Amino acid sequence: MAKKKTIRSIPQERTPMREQAPQARAKNFEEVACGYGLEEALRESERCLMCPDEPCISGCPVGINIPAFILKITEKNFRGAYDILTDTNLLPSVCGRVCPQENQCEGVCTVGESLEAVAIGRLERFVGDAAIREGWTNIPYIEPNRFKVGIVGSGPAGMACAADMAKAGCDVTVYEAFHQAGGVLKYGIPDFRLPNEVIDAEIDNLKKLGVKFECNTLVGRLFTIDQMIGEMGFHAVFVGVGAGYPTMLGIPGDSLNGVLSANELLTRCNLMRAKEFPDYDTPLPMGKRVAVVGAGNTAMDATRVSLRLGAEKVYCIYRRSRTEAPARAEEVHHAEQEGVEFHWLTNPASILDDGKGGVLGMRCVRMELGEPDSSGRRRPVPIAGSEFDFAADLVVYAIGTNANPIMGQTSSLKLNKRGYIDVDENLAASVAGVFAGGDIVTGAATVIEAMGAGRKAARSMKAYLGIRDAGLPYLNRSGTGAGTLFGIDTRERNFARVRVA
Amino acid sequence: MKMSNFEIVAREDFSDVTYLLEVRHPLMAKAAKPGQFVIVMLNEHSERIPLTIADFDRRKGTVTMVVQAVGKTTMQMQQECLVGTALFGMVGPMGHPSQTSRAKKVACVGGGLGVAPIFPQARGFKESGAYVIAILGFRNRDLVFWEDKFRACCDELILCTNDGSAGIKGMITDGIKLALARHSDIEEVVSIGPPVMMKACAEATRAAKIKTMVSVNPIMVDGTGMCGGCRVKVGGQVKFACVDGPDFDGHQVDFDDLMSRLQRFTAAEREAKDRWSESCRMTKQIGPGVSPRGSPEIESRSELLDLLNDAKGG
């Protein structure tokens with residue numbers, strides 16, 4: 001038994017992760033953060049106190065047994081760490097990169113009370129990447145049942161739900177409107193934050209579970225949810241189509257040719273690979289001076305993509321202050337390092353026309369913070385007479401999205417006032433057998449929250465179908481994780497329900 | 001269950017630049033309604049291009065599009081999309097179907113490429129018992145297609161060509177004027193074609209306050225409401241053609257805005273087309289075996305090249 005660790009005995013400094021130098025990386029699409037090497041991972045894993053409270057587990061939307069997987073790292077049993085991660089989290093490589101850990105597991109870490117929190121996300125990524133490199137997968141023995149499950153949308157919510165239902169023995173088909181699976185992970189998040197190879201590796205894992213992917217399929221229009229439940233014979237359907245429908249500012253100049261949504265910029269660049277034009281056919285609007293409006297993660301992605309596409313100047317325009325910016329602190333920091341110029345407390349008033357249908361610049365007004373608004377954040381109010389103009393030739397709106405209307409247009413699903421799908425606490429929608437989760441229920445949120453919703457919906461779906469979460473022992477070649485369960489509530493193993501729901 | 005492998009089962013060339021592709025997709029043939037569109041990808045590197053559904057055959061399980069070779073992708077499709085080959089992807093049917101109203105007398109106006117997608121609408125109106133006047137416009141006689149199809153399903157056909165080589169000599173608006181002069185009781189006009197034509201059409205009916213629906217085809221990426229590239233101004237409001245349209249009230253659409261937004265990628269489009277035409281010419285000179293990416297047909301079809309060059313800027 002190892003000596004009990006104390007806050008004084010652990011390495012005091014959080015192990016830094018190697019990164020590409022800002023000057024170099026702002027010119028390429030290679031990953032910014034290079035990930036931990038072996039020594040770094042081992043050192044950082046020693047910083048976990050293995051405290052009895054385990055606040056990190058409840059801080060994680062999918063409830064990963066964080067101390068347990070970190071313990072396996074300290075024991076250099078990386079396969080064991082992977083087995084624990086994949087008990088609850090389908091996509092460790094993805095989540096280790098894109099989760100806002102500072103607000104989740106790391107935000108409540110005991111070490112974080114006196115020192116910097118344990119770098120849980122970086123350790124998770126270390127293990128996930130090792131699995132991709134080594135080709136590890138955990139394929140449980142699956143006893144097929146007679147249920148057919150349809151998943152609409154192949155983003156994080158749909159993937160998480162698909163994995164759980166496949167593991168429960170269902171025949172799962174995932175429908176995707178784009179020509180490639182992955183949803184926002186593919187079209188939205190750029191390669192320098194989340195390489196496509198990582199997503200493809202995770203999708204391959206799903207295929208190994210027997211999940212079928214059908215791309216080029218626009219559910220709602222090619223066939224409806226009602227048809228899926230009816231004539232197509234699906235016993236249950238999960239709707240995880242994302243928010244979509246980008247918001248425009250509604251100011252003069254909105255429809256000029258140099259104005260586009262961050263969704264469009266990112267989709268052209270990431271999914272359609274317009275950055276490789278003309279080898280790929282999709283063109284990109286090129287800007288020398290780019291103004292990105294908004295300060296969420298999508299805005300940060302848009303600024304950093306613009307830099308990499310060769311913009312000379314990239315501005316980030318946000319009407320509140322840095323404190324209120326919804327982006328992860330690390331993303332803002334990365335963008336700043338790479339040379340993005342931030343204009344906090346600045347609100348666009350109009351986009352200036354160059355007389356040829358394009359953008360000449362932007363007129364903005366300075367703001368100051370007033371009383372707190374309904375979101376609890378101090379409301380920005382314009383400072384009279386503070387208008388100013390600056391030159392820009394491309395304006396990117398990253399100010400959020402509204403509900404995608406296709407499900408509402410084509411199904412009898414009940415929507416809420418804002419157009420999102422109305423669900424109960426178990427994520428059941430208004431049509432029997434239909435469940436929904438992710439951005440199409442909550443509005444724009446994070447990858448891990450969407451995955452959490454996908455898994456929660458899967459639990460409800462299993463209850464609805466009458467599937468008991470019986471134990472599914474691994475066909476585990478390494479032998480290290482024998483007896484663990486793949487994403488199944490461990491209280492419900494071995495056909496014996498310890499706790500009746 | 002594989003949806004479809006997007007096989008091209010029939011093709012017809014209407015002219016040097018206009019061609020019809022019929023793609024096997026039984027599920028889509030079953031779902032498609034007049035007014036909807038698809039997005040196709042020729043190969044893995046291609047753009048996603050929106051094309052209005054020109055026809056669908058539920059019995060055969062096919063969906064038909066009519067394409068005009070105007071840019072790199074559509075020119076490449078013209079060369080490579082032969083019967084027996086397959087598209088990389090096709091998704092749809094997208095957008096709201098056209099509302100076939102209960103109007104008793106309608107004019108279905110199609111200009112150039114718009115003649116194809118106006119056909120299922122004309123047929124739809126005929127099936128619901130309306131008196132249907134088809135007004136079709138082409139630049140000249142050589143470009144005319146589907147005249148017989150329209151004659152078979154419409155009560156009246158007014159054919160207009162710019163040079164008078166077929167039908168009446170004049171613009172599509174001359175055809176509309178003729179129809180309005182003959183019939184004072186036209187309740188609805190449906191118009192599909194280039195924006196400039198739809199604009200003229202909407203102006204021609206504005207004074208008489210005849211309901212005029214148009215089908216817009218702006219630049220789009222996903223076609224599912226996610227990118228906002230296809231936004232159009234309708235009655236002062238921003239609408240996304242892909243999920244709010246593609247049909248809108250022609251009297252409300254800001255066509256100047258639509259036409260301006262279609263110019264977004266003009267430079268890149270020209271560059272792509274020139275580069276592609278150049279690579280085809282090189283292939284022709286060097287001979288077989290060095291065709292650009294995955295197009296073994298190019299050599300045997302190199303006689304097309306001069307025609308394609310003529311079509312530049314068309």
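Residues numbered from 1 in each chain as written. Chains lettered and ligands numbered in written order. Predicted model: local features only at pLDDT ≥ 70, side-chain atom pairs only at ≥ 80, totals over all residues. Heavy atoms only, no water.

Q: Break down the sheet that holds strand 7 (residues 105-111) of chain B for me, citing the residues and quoting the values.
A: Residue and element names in this part refer to chain B. On the basis of which strands lie adjacent, the open sheet formed by seven strands has the order 10-9-8-7-11-12-15 and mixed pairing. Each of the sheet's edge strands pairs with one partner strand only, and the pair in question is strand 10 (168-169) and strand 15 (247-249). Relative to strand 15, strand 12 (residues 211-215) is paired through three bridges, and the arrangement is antiparallel. Bridging across to strand 15, Ser-215 finds its partner in Asp-247. Across the sheet, helix 6 (residues 195-206) lies against strand 7, strand 11 (188-192) and strand 12, angled at about 165° from strand 11, the strand it touches most. (Pairing = 2+ DSSP bridges. Helix = DSSP H or I, 4+ residues; strand = E, 2+ residues; numbered from the N terminus. Contact = heavy atoms within 4.5 Å. Axes fitted to C-alpha atoms, helices over the stretch in contact; angles between N-to-C directions.)

Q: Outline the pattern of salt bridges, listing residues and values.
A: In the structure shown here, the tally under the stated rule is 48 salt bridges over all chains. Through salt bridges with shared partners, a single ionic network connects Glu19(A), Arg25(A), Glu102(A), Arg193(A), Asp301(A), Arg304(A), Arg308(A), Arg328(A), Glu330(A), Glu331(A) and Glu338(A). (Salt bridge = Lys/Arg side-chain N within 4 Å of Asp/Glu carboxyl O.)

Q: Give a description of the packing of aromatic side chains that names residues and reports values.
A: For the structure on display, the rule yields 18 aromatic pairs over all chains. The interplanar angle of 75° and the centroid separation of 5.1 Å between the aromatic rings of Tyr175(A) and Phe223(A) together place this pair among those described as edge-to-face. Taken together, the positions of Tyr175(A) in strand 2 (residues 171-175) and Phe223(A) in the loop between strand 3 (212-214) and helix 11 (225-229) put the pair 48 residues apart, joining distant regions of the chain. For Tyr175(A), a relative accessible area of 1% puts it in the buried group. According to the relative accessible area criterion, Phe223(A) is buried, its value standing at 2%. Positioned over the ring face of Phe119(B) is Lys149(B), at 4.6 Å from the centre of the ring. Cation over ring: Lys149(B) sits above Trp146(B), and NZ or CZ is 3.9 Å from the ring centre. (Phe/Tyr/Trp six-rings, centres within 6.5 Å; stacked < 30°, edge-to-face > 60°. Buried < 20%, exposed > 50% of the residue type's maximum accessible area, 1.4 Å probe, protein only. Lys NZ or Arg CZ within 6 Å of the ring centre and 35° of its normal.)

Q: I'd like a description of the domain arrangement of chain A, backed by residues and values.
A: All names here are of chain A. For chain A, the assigned domains are domain 1 (22-134), domain 2 (148-244 + 403-465) and domain 3 (247-401). Centre-to-centre, using C-alpha coordinates, domain 1 lies 26 Å away from domain 2. Across the boundary between the two partners, domain 1 contributes 22 residues, which contact 21 residues of domain 2. Both faces considered, domain 1 and domain 2 share a buried interface measuring about 1,900 Å² in area, 74% of it formed by carbon and sulfur atoms. Contact with domain 2 buries area across many residues of domain 1, yet Leu-90, Leu-91 and Val-98 alone supply 29% of it, more than any other trio. Taken together, the links from domain 1 to domain 2 amount to zero salt bridges. At the boundary of domain 1 and domain 2, one finds three residue pairs in polar contact (both at pLDDT 80 or more). Where the side of domain 1 that touches domain 2 is concerned, the elements lending two or more residues are helix 5 (78-88) and helix 6 (92-98). Take the side of domain 1 that touches domain 2: its biggest share by element is six residues, from helix 6. (Domains from an automatic or database assignment. Buried area = accessible area lost by both parts, 1.4 Å probe. Polar contact = N/O pair within 3.5 Å; in protein donor to acceptor, adjacent residues only side chain to side chain.)

Q: Residues and numbers for the sheet that holds strand 14 (residues 434-436) of chain A, please.
A: All names here are of chain A. An order of 3-2-1-4-14 is seen for the five strands of this open sheet, with the pairing classed as parallel. Among the strands making up the open sheet, the edge pair consists of strand 3 and strand 14. Within this sheet the neighbouring strands show an average axis-to-axis angle of 20°, counted without direction.

Q: Describe in detail the nonpolar core, supporting the description with residues and values.
A: Residue and element names in this part refer to chain A. Of all hydrophobic cores here, the largest spans 83 residues; its most connected members are Ile-66, Phe-69, Met-165, Val-172, Leu-185, Met-461 and Leu-465. The leading source of residues in this core is helix 17 (residues 447-465), at nine residues. When we break this core down by domain, the ones giving at least three residues each are domain 1 (22-134) and domain 2 (148-244 + 403-465). For Leu-185, the contacting residues outside a window of four places in its chain are Leu-91, Val-94, Pro-156, Met-159, Leu-194, Ile-199 and Val-447. (Core = buried A, V, L, I, M, F, W, Y, C linked by side-chain atoms within 4.5 Å.)

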